[in-house]
Amino acid sequence: KMARDIVDGKWNDNLFCVALRARDTNRIASVGTIMQLIHADETNGTPSRERVKVTCRAVGIARIMNVTNPMVWEGTKDDDGNNYLVAQVKIRQIMTDE
């Protein structure tokens with residue numbers, strides 16, 4: 001669902017943040033990498049499981065301030081039907097092409 005939301009333009013400029021998660025404590029890192037969707041290919045999947053292959057690039061670093069839908073950790077979808085975490089972030093650094 002997240003890949004489909006990115007491809008459909010749900011998030012500004014096709015940006016999203018990825019962060020590491022500790023397997024033993026389930027805690028996520030306080031800093032994440034801002035990624036930008038470059039290209040997306042829909043691949044053949046089963047009718048019940050659509051597949052989208054995405055190509056992305058790192059464009060910055062962000063501090064994760066707050067997870068707005070923590071119920072997803074327990075396997076419950078949020079009010080928007082998301083089954084992935086959504087967070088408020090503060091941009092620390094944007095990378096340039098130089």
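Residues numbered from 1 in each chain as written. Predicted model: local features only at pLDDT ≥ 70, side-chain atom pairs only at ≥ 80, totals over all residues. Heavy atoms only, no water.

A.B. asks: Break down the overall build of the protein for me, with residues and values.
C.D. replies: When helices and strands are tallied, the protein shows one helix and four strands. Going from the N terminus to the C terminus, the protein shows its helices and strands as α-β-β-β-β. A buried classification covers 19% of the 98 residues belonging to the protein. Within the protein, counting contacts between residues at least 6 apart in sequence, those at least 24 apart form 49% of the total. Accessible surface computed for the protein: about 7400 Å², of which carbon and sulfur atoms make up 47%. Of note, the protein has its 14 positive side-chain charges centred 7 Å away from the centre of its 13 negative side-chain charges. (Helix = DSSP H or I, 4+ residues; strand = E, 2+ residues; numbered from the N terminus. Buried < 20%, exposed > 50% of the residue type's maximum accessible area, 1.4 Å probe, protein only. Contact = heavy atoms within 4.5 Å. Areas by Shrake-Rupley, 256 points an atom, 1.4 Å probe, with all protein chains shown as cover. Lys, Arg positive; Asp, Glu negative; His and termini not counted. Charge placed at Lys NZ, Arg CZ, Asp CG, Glu CD.)

A.B. asks: Got a sec to walk through the pattern of salt bridges? Specific residues and values, please.
C.D. replies: Inspection of the entire model under this criterion finds one salt bridge. K10 is the partner of D5 in a salt bridge, and the nearest nitrogen-oxygen pair spans 3.8 Å. (Salt bridge = Lys/Arg side-chain N within 4 Å of Asp/Glu carboxyl O.)

A.B. asks: Break down the environment of M2 for me, with residues and values.
C.D. replies: Along the chain, the position of M2 falls in helix α1 (residues 2-7). Taking the C-alpha atoms as reference points, M2 and N82, separated by 80 residues in sequence, lie 7.6 Å from one another. M2 has contacts with F16 and Y84, leaving out every residue within four places of it along the chain.

A.B. asks: Got a sec to walk through unusual backbone geometry? Specific residues and values, please.
C.D. replies: Look at N26: it is not a glycine, yet its phi comes out positive at around 70 degrees. Assignment of secondary structure puts N26 in the loop between β1 (15-18) and β2 (31-46).

A.B. asks: For the state of the cysteines, give the residues involved together with the corresponding values.
C.D. replies: Applying the stated rule across the entire model yields zero disulfides. No disulfide involves C17; its sulfur sits 12 Å from that of C56, the nearest cysteine. With a relative accessible area of 29%, C17 lands in the partly exposed category. Note on C56: relative accessible area 27%, which makes it partly exposed. (Disulfide = S-S within 2.5 Å.)

A.B. asks: Give a description of the confidence of the model for the protein that names residues and reports values.
C.D. replies: With 94% of its residues at a pLDDT of at least 70, the protein reaches an overall mean of 84. When the elements of the protein are averaged for pLDDT, α1 gives the smallest value, 80, and β1 the largest, 90. (pLDDT = per-residue confidence, 0-100.)

A.B. asks: How would you sum up the environment of M95? Please name residues and give values.
C.D. replies: Residue position: M95 is located in the segment after β4 (87-94). When its relative accessible area of 40% is taken as the criterion, M95 is described as partly exposed. It is 9.7 Å that separates the C-alpha atoms of M95 and I34, two residues lying 61 residues apart in sequence. Residues in contact with M95, not counting those within four places in the same chain, are A58, V59, G60 and I61.

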